[in-house]
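Take a look at the letters that make up each chain.
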Amino acid sequence: MAGGVLSFPLTSFHDDGSLDPDGFRTHVADRIATAPGAVFPACGTGEFFSLDEDEYRTVVTIAVEEAAGRVPVVAGVGYGWAQAARFARIAEEAGADALLVLPHYLVAAPQDGLVAQLEQLAARTRLPLIAYQRGQVAYGLDAFRRIAQIPGVIGLKDGHSDLDRLQRLTLAAPEGFLFFNGASTAEIQARAYATVGVPAYSSAVHAFAPEIANAFFTALHDGDNGHGGDDKTVEKLLRDFYVPFVELRDRVPGYAVSLVKAAARLRGHPVGPVRAPLTDPSAADLADLTTLLATGLDLVGAVL
């Protein structure tokens, strides 16, 4: 999965809030055509928290059909383990390759409980699990060692960006265990994560501008032949697009999803609005987004 940007497609809705399967099929097919390292339907960017079980089945099934074995399909599951297991069964039946276990709902929990959550879910699915530590989920070293030994748990996605603690986890991991940079707008910290052994990262930008996301990925990995990365391009994209995008994203809670969806609509992608409790961007923020998106695309020789 480190061979390309990890793509988190948006779930398409009609203007009345109902699921738009045809729009999603078009959107996910377009993402897969740009050769991501994997596709992650119905995760945070895909508004998993707003989908019922029938909608979830439709979204994962379409992603599997469009991937057609060309890239791994990792479906999101979440809430408590009992509900997560229900979604896991649906994803398994739909043909997903693995599951991303989103942080559980609402309550804080001790380390023993975080481990038990994964144990209970792993016992109820044949699919490999990638744990996601973010928000109220943060694994200490002892708990991490325990989850890494659970049969079926193959990786950890990190959204805390505590690189000191993450380095300790990577050093304690068994051989072959996977790690992913799951920070919001992960490109901002991609170089830092790579220094502690976590080169793979998710990209929300890929959902609306794969040209920018792939240009950044290529520049970042130009050093894989031992001659050093294209720092000039990386830093220009960070300075002129990614940092301003993060500043715009941080204006309103929920913009990590709704701003991405608005950007996709600006490019003609049939993704529709977000569902409540998220809200679409204001007219002023949408105008700023339009200007920034045009700037970012121009940097990589593309157009709005």
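As a reminder, the structure under discussion sits directly above these lines.
Residues numbered from 1 in each chain as written. Predicted model: local features only at pLDDT ≥ 70, side-chain atom pairs only at ≥ 80, totals over all residues. Heavy atoms only, no water.

## Remarks on the side chain of Gln133
Thought 1: Among the secondary structure elements, Gln133 is positioned in strand S5 (residues 129–133).
Thought 2: Of note is the side chain of Gln133, whose polar atom sits 2.9 Å from the backbone nitrogen of Tyr139.
Thought 3: Of the polar contacts made by the side chain of Gln133, one reaches the side chain of Asp158; its length is 2.6 Å.
Thought 4: Setting aside residues no more than four positions away along its own chain, Gln133 makes contact with Ala138, Tyr139, Leu156, Lys157, Asp158, Gly159, His160, Arg165 and Leu169. (Helix = DSSP H or I, 4+ residues; strand = E, 2+ residues; numbered from the N terminus. Polar contact = N/O pair within 3.5 Å; in protein donor to acceptor, adjacent residues only side chain to side chain. Contact = heavy atoms within 4.5 Å.)

## Some points on the packing of aromatic side chains
Thought 1: Under the definition given, this model contains 15 aromatic pairs.
Thought 2: A ring pair is formed by Tyr79 and Phe87, whose centres lie 6.2 Å apart and whose planes are at 40 degrees; its orientation type is tilted. Each member of the pair, Tyr79 as well as Phe87, is classed as buried.
Thought 3: Cluster of aromatic residues (ring-pair linked, three or more members): Tyr201, Phe208, Phe216, Phe217, Phe241, Tyr242 and Phe245.
Thought 4: In this structure, Lys157 is placed above the aromatic ring of Tyr132, and the distance from its NZ or CZ to the ring centre is 4.4 Å. (Phe/Tyr/Trp six-rings, centres within 6.5 Å; stacked < 30°, edge-to-face > 60°. Buried < 20%, exposed > 50% of the residue type's maximum accessible area, 1.4 Å probe, protein only. Lys NZ or Arg CZ within 6 Å of the ring centre and 35° of its normal.)

## Notes on the sheet that holds strand S8 (residues 202–203)
Thought 1: The three strands are arranged S2-S1-S8 in an open sheet whose pairing can be described as parallel. Either end of the sheet is taken by a strand with one partner, and the two such strands are strand S2 (38–39) and S8.
Thought 2: As paired elements, strand S1 (residues 6–7) and S8 share two bridges and run parallel to each other. Along S8, the bridge assignment pairs Leu6 with Ser202. (Pairing = 2+ DSSP bridges.)

## What about the environment of Leu106?
Thought 1: Examined against the element boundaries, Leu106 turns out to sit in the loop between strand S4 (98–101) and helix H4 (111–122).
Thought 2: Sequence separation of Leu106 and Asp230 is 124 residues, and the distance between their C-alpha atoms is 42 Å.

## Considerations on a nonpolar patch on the surface
Thought 1: Taken together, the side chains of Tyr105, Leu106 and Val107 define a hydrophobic patch exposed on the protein surface, amounting to about 360 Å² of accessible area.
Thought 2: Counting through the fold element by element, Tyr105 comes out in the loop between S4 and H4. (Patch = residues over 30% accessible without salt bridge, like charges linked within 9 Å, V, L, I, M, F, W, Y side chains within 5 Å. Areas by Shrake-Rupley, 256 points an atom, 1.4 Å probe, with all protein chains shown as cover. Salt bridge = Lys/Arg side-chain N within 4 Å of Asp/Glu carboxyl O.)

## Details of the nonpolar core
Thought 1: Ranked by internal contacts, the top residues of the largest apolar core, which has 70 residues, are Tyr56, Val77, Leu100, Tyr139, Phe144 and Phe179.
Thought 2: Within the second largest apolar cluster, 35 residues are counted, among which are Phe216, Leu238, Ala264 and Leu293. (Core = buried A, V, L, I, M, F, W, Y, C linked by side-chain atoms within 4.5 Å.)

## Here's the deal with the packing of helix H9 (residues 231–249) against helix H10 (residues 255–266)
Thought 1: Look at H9 against H10: their axes get within 9 Å of each other, and the N-to-C directions meet at 120 degrees. Judged by the angle between their axes, H9 and H10 are oblique. Considering how the two elements wind past one another, H9 and H10 form a crossing that is right-handed. From H9, Phe245, Leu248 and Arg249 reach across to H10, where they touch Tyr255, Ala256, Leu259 and Val260.
Thought 2: Class assignment of the residues belonging to the contact of H9 with H10 gives a composition of six nonpolar, no polar and one charged. (Axes fitted to C-alpha atoms, helices over the stretch in contact; angles between N-to-C directions. Parallel < 35°, antiparallel > 145°, perpendicular 65-115°, else oblique. Left-handed = near helix turned anticlockwise from the far one by under 90°. Nonpolar A, V, L, I, M, F, W, Y, C, P; charged D, E, K, R; others polar.)

## Quick notes on the packing of helix H5 (residues 141–148) against helix H6 (residues 163–172)
Thought 1: The contact between H5 and H6 brings their axes to 10 Å, and the two run at 40 degrees. Our pair here, H5 against H6, has a crossing hand that is right-handed. Contacts between H5 and H6 pair Leu141, Phe144 and Arg145 from the former with Arg168, Leu169 and Ala172 from the latter.

## Some words on the sheet that holds strand S3 (residues 74–77)
Thought 1: Reading across the sheet, the five strands line up as S3-S4-S5-S6-S7 and stay open at both edges, with parallel pairing between neighbours. Unpaired on one side and paired on the other, S3 and strand S7 (178–181) mark the two borders of the sheet. The average undirected angle you get between the axes of adjacent strands in this sheet is 25 degrees.
Thought 2: The sheet contact formed by S3 and S4 spans four bridges and is parallel. Residue pairing for S4: Val74 is matched across the bridge by Ala98.
Thought 3: Sitting on the sheet, H4 touches S3, S4 and S5, and the angle it makes with S5 is about 155 degrees.

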